[in-house]
2 protein chains.
Amino acid sequence: MTLNDLYTRIRSKHTMLCVGLDTDPAKLPAGVGVLDFNKAIIDATAPFCVAFKPNLAFYESMGSEGLRILEKTVDYLRTNHPDQFLIADAKRGDIGNTARMYAKTYFETMDFDAVTLSPYMGRETVEPFLGHPGKFAIVVALSSNPSAADFQTVGEKPLYRRVMETMMEIGSPDELMFVVGATKADKLQEIRSFCPDHFFLVPGVGAQGGSAEDVIAHGANAQGGLLINSSRGVLYASQGPDFAAAAAEAARRTACFNDC
Amino acid sequence: MTLNDLYTRIRSKHTMLCVGLDTDPAKLPAGVGVLDFNKAIIDATAPFCVAFKPNLAFYESMGSEGLRILEKTVDYLRTNHPDQFLIADAKRGDIGNTARMYAKTYFETMDFDAVTLSPYMGRETVEPFLGHPGKFAIVVALSSNPSAADFQTVGEKPLYRRVMETMMEIGSPDELMFVVGATKADKLQEIRSFCPDHFFLVPGVGAQGGSAEDVIAHGANAQGGLLINSSRGVLYASQGPDFAAAAAEAARRTACFNDC
């Protein structure tokens, strides 16, 4: 999906919501399997979001069978909701041959539009994911967890800024996005000032405590430029038989703008 | 596997070699599949190494079928070579629920002894992998690739040192190791001086240019304390029908000490 396609969908649907499919088998309503749960959540929330973001860890924890469920989830999305932007939340961070194999995994073996990456090993962690038309690398810059302060905010020029500047040298907005944590809404405005054009994927809204209104107020650019993620707040809005309707209602209330 | 078990095996086999199973379907001898290749390499090289390290990217690039091959490879190792230390080279770097799901993936769903981790998001990326008896987190500190210099070596106190000091606060040598790149053999001695007791997993020997002799000379501690990885240099020593014998000979020559 191109950057313009994504902008168009955000404007026409009046939402910046990305629904995180962190599907935990231990939290499902009685009698509902992971794949059926995903399909119900997807169908219920698709009108209120522009992106879905399966979290690889939850599928890998079920072994190869979990990866099969993920493949079927992606197929279901591609077939039934072709207008959605699909993000593999993988936080991969390797180099060379290995990074190329991960790019193949998410962009070819599975038909994702984007994959999240961890930049510790430098620009080589990102380069193999660039130059694939309609595909995006999403680099973790500033995360929303407490121990983000261990390294990301350290230094006269903080590490997260060094990471963003380094990656902006090699990746244009139509192939590169950044993860910027929502609980740092005060920082969003500053980050937008030196990175005006790239999309930000913003976690930490809902269960992790951030406010979507704050994020939009401080982080949006002229064209939107935000994907605001909610996972648990949508998926587990109800754990009863009304889980899909409750998820739809939670999605409708999250990250909408301009009277959606 | 406990730290003492690993020390004992290194001493008794006179080798610090870890064979990296970066099995690339495009590089296999004619007519040999990935699982059969792995089994032949494992049987041929096991006498000359103490650890095997499948690289997750290569299996994930084949989708769920690739993960099934990985599961079968781990089963084969556990059944036929129970004295080997098994490392999932995954470079995972996430937090909270997600990190716990990855710990479950590698320590429970698959029976690995250790998993490599990327520390960008702070100590929370590592904590869920600690406190599992006989299991290890292996944190990337200093890698051997050129763009390691983008972030890892930046700062008055370089980031790699800050990472190691932070993680040493929470992880003892019997649950935490570090990845330290071999092509920085000049740095190994300095790193050993502030981190005397933790194991180092050392990549970059062989195809990436480092020398095992240098690594042992500068990085070993009193009990050994090193796992020296070689992947391509062993796996693809020959791409003909003699690949297993050639891999055994390459393994025999790499990372041995005290007349192995």
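Residues numbered from 1 in each chain as written. Chains lettered and ligands numbered in written order. Predicted model: local features only at pLDDT ≥ 70, side-chain atom pairs only at ≥ 80, totals over all residues. Heavy atoms only, no water.

Peer 1: Would you mind going over the overall build of chain A in detail, with residue names and values included?
Peer 2: Tallying secondary structure elements over chain A gives 10 helices and 8 strands in all. Since a compact globule built from 260 residues should have a radius of gyration of about 18 Å, the 17 Å found for chain A is in line with a globular shape. Its C-alpha atoms give chain A principal-axis dimensions of roughly 50 × 45 × 35 Å. Buried positions account for 63% of the 260 residues belonging to chain A. Carbon together with sulfur atoms contributes 48% to the accessible area of chain A, which is approximately 8,900 Å² in total. (Helix = DSSP H or I, 4+ residues; strand = E, 2+ residues; numbered from the N terminus. Rg over C-alpha atoms; globule rule 2.2 N^0.38 Å. Buried < 20%, exposed > 50% of the residue type's maximum accessible area, 1.4 Å probe, protein only. Areas by Shrake-Rupley, 256 points an atom, 1.4 Å probe, with all protein chains shown as cover.)

Peer 1: Lay out the pattern of salt bridges in plain terms, naming residues and giving numbers.
Peer 2: Note on pairing: side chains with opposite charge can pair once their charged atoms come close. Under the counting rule described, the total for this entry stands at 32 salt bridges over all chains. For B:Lys135, the salt bridge goes to B:Asp111, with nearest N and O atoms at 3.0 Å. Placement of the pair is B:Lys135 in the loop between strand E4 (114–117) and strand E5 (136–142) and B:Asp111 in the loop between helix H5 (96–109) and E4, with a sequence separation of 24 residues. Residue classification places B:Lys135 among the buried positions, given a relative accessible area of 12%. Residue classification places B:Asp111 among the partly exposed positions, given a relative accessible area of 34%. Ionic pairing is found between B:Lys157 and B:Glu165, a salt bridge with its closest N-O pair at 2.7 Å. Overall, B:Glu165 belongs to the partly exposed group, its relative accessible area being 26%. Connected through shared salt-bridge partners, A:Lys53, A:Asp89, A:Lys91 and B:Asp94 make up one network. (Salt bridge = Lys/Arg side-chain N within 4 Å of Asp/Glu carboxyl O.)

Peer 1: Tell me about the relation of the copies chain A and chain B, residues and numbers included.
Peer 2: For the pair chain A and chain B, the superposition axis carries a translation of 0.0 Å, the fit reaches an RMSD of 0.0 Å, and the rotation angle comes to 180 degrees. Within this description, the copies of the chain are treated as partners about a two-fold rotation axis. (Least-squares fit on C-alpha atoms with pLDDT ≥ 70 in both.)

Peer 1: Break down the interface of chain A and chain B for me, citing the residues and quoting the values.
Peer 2: It is common to report an interface's size as the accessible area lost on association of the parts. On the chain B side, the residues contacting the 54 residues of chain A number 54 residues. Among the residues of chain A in contact with chain B, A:Met101, A:Tyr120 and A:Phe151 are the three that bury the most area, contributing 20% of the side total. At the junction of chain A and chain B, the tally comes to 6 salt bridges. Where B:Asp94 meets A:Lys91, a salt bridge forms, and the shortest distance between an N and an O atom there is 2.6 Å. (Contact = heavy atoms within 4.5 Å. Buried area = accessible area lost by both parts, 1.4 Å probe.)

Peer 1: Residue-level account of the side chain of A:Thr116, with values.
Peer 2: All names here are of chain A. Residue placement: Thr116 occurs in strand E4 (residues 114–117). A polar side-chain atom of Thr116 sits 2.8 Å from the main-chain amide nitrogen of Ala90. At a separation of 2.9 Å, a polar atom in the side chain of Thr116 contacts the main-chain amide nitrogen of Lys91. Thr116 has contacts with Ile87, Ala88, Asp89, Ala90, Lys91, Arg92, Ile138, Val179 and Leu201, leaving out every residue within four places of it along the chain. (Polar contact = N/O pair within 3.5 Å; in protein donor to acceptor, adjacent residues only side chain to side chain.)

Peer 1: Explain the sheet that holds strand E2 (residues 51–54) of chain A to me, and be specific about the residues and the numbers.
Peer 2: All names here are of chain A. Taken in spatial order, the 8 strands close into a barrel running E1-E2-E3-E4-E5-E6-E7-E8, and their pairing is parallel. Put simply, the sheet's adjacent strands are angled 30 degrees from each other on average, direction ignored. Two elements, E2 and strand E3 (residues 85–92), share 2 bridges in a ladder whose sense is parallel. Among the inter-strand pairings, Phe52 is bridged to a residue of E3, identified as Leu86. (Pairing = 2+ DSSP bridges. Axes fitted to C-alpha atoms, helices over the stretch in contact; angles between N-to-C directions.)

Peer 1: How would you sum up the state of the cysteines? Please name residues and give values.
Peer 2: Under the defined criterion, the tally for this structure stands at 0 disulfides over all chains. Free of any disulfide, A:Cys49 has its nearest neighbouring cysteine sulfur in A:Cys18, separated by 7.5 Å. (Disulfide = S-S within 2.5 Å.)

Peer 1: Account for the environment of A:Asn145, naming residues and giving values.
Peer 2: With respect to the helices, strands and loops of the structure, A:Asn145 is situated in the loop between strand E5 (136–142) and helix H6 (159–170). Separated by 87 residues in sequence, A:Asn145 and A:Phe58 have C-alpha atoms that sit 19 Å apart. A polar side-chain atom of A:Asn145 sits 2.6 Å from a polar atom in the side chain of A:Ser143. Within the structure, A:Asn145 has its side chain in polar contact with the backbone oxygen of B:Met121 (distance 2.8 Å).

Peer 1: Can you lay out the packing of helix H2 (residues 34–45) of chain A against helix H4 (residues 63–80) of chain A for me, pointing to particular residues and giving the numbers?
Peer 2: Residue and element names in this part refer to chain A. The N-to-C vectors of H2 and H4 enclose an angle of 25 degrees; their axes lie 10 Å apart at closest approach. Accordingly, the angle class assigned to the pair H2 and H4 is roughly parallel. The crossing of H2 and H4 is right-handed. On H4, the residues touching Val34, Leu35, Asn38, Lys39, Ile42 and Asp43 of H2 are Ile69, Lys72, Thr73, Tyr76 and Leu77. Class assignment for the residues of the contact of H2 with H4 results in 6 nonpolar, 2 polar and 3 charged. (Parallel < 35°, antiparallel > 145°, perpendicular 65-115°, else oblique. Left-handed = near helix turned anticlockwise from the far one by under 90°. Nonpolar A, V, L, I, M, F, W, Y, C, P; charged D, E, K, R; others polar.)

Peer 1: Lay out the pairing of strand E2 (residues 51–54) of chain B in plain terms, naming residues and giving numbers.
Peer 2: All names here are of chain B. Every second residue of E2 is oriented toward a common face, with Ala51 and Lys53 on one face and Phe52 and Pro54 on the other, all of them buried. Direction of pairing for strand E1 (residues 17–21) relative to E2: parallel, over a ladder of 4 bridges. Its bridge partner lying in E2, Leu21 is registered against Pro54. After leaving E1, the chain enters helix H2 (residues 34–45) and then returns to the sheet as E2, a path that is right-handed. (Right-handed = clockwise from strand over helix to strand, strands pointing away.)

Peer 1: A description of H4(A) should follow, citing residues and the corresponding values.
Peer 2: Compared with the 26 Å implied by 1.5 Å per residue over 18 residues, the 26 Å span of H4(A) between its first and last C-alpha is a close match. Within the sequence span of H4(A), burial applies to A:Gly63, A:Ser64, A:Gly66, A:Leu67, A:Ile69, A:Leu70, A:Thr73, A:Val74, A:Tyr76 and A:Leu77. (Expected span 1.5 Å × (residues − 1).)

Peer 1: Describe the packing of aromatic side chains, and please don't skip the residues or the numbers.
Peer 2: All names here are of chain A. Enumeration over the complete set of coordinates arrives at 12 aromatic pairs over all chains. Summarising the aromatic geometry, the rings of Phe37 and Tyr236 are spaced 6.2 Å apart at their centres and angled 20 degrees between planes, so their arrangement reads as stacked. Taken together, the positions of Phe37 in helix H2 and Tyr236 in the loop between helix H9 (232–235) and helix H10 (243–253) put the pair 199 residues apart, joining distant regions of the chain. Each member of the pair, Phe37 as well as Tyr236, is classed as buried. (Phe/Tyr/Trp six-rings, centres within 6.5 Å; stacked < 30°, edge-to-face > 60°.)

Peer 1: Describe the sheet that holds strand E7 (residues 200–202) of chain B, with residues and values.
Peer 2: Residues and elements named next belong to chain B. Read around the closed barrel, the 8 strands follow the order E1-E2-E3-E4-E5-E6-E7-E8; overall the barrel is parallel. Direction aside, neighbouring strands of the sheet carry axes that sit 30 degrees apart on average. Both E1 and strand E8 (residues 226–230) contribute to a ladder of 3 bridges, which runs parallel. Bridging from a neighbouring strand, Val19 pairs with Ser230 of E8. Together, E7 and E8 form the strand contacts of helix H8 (residues 212–219), whose direction differs from that of E8 by roughly 165 degrees.

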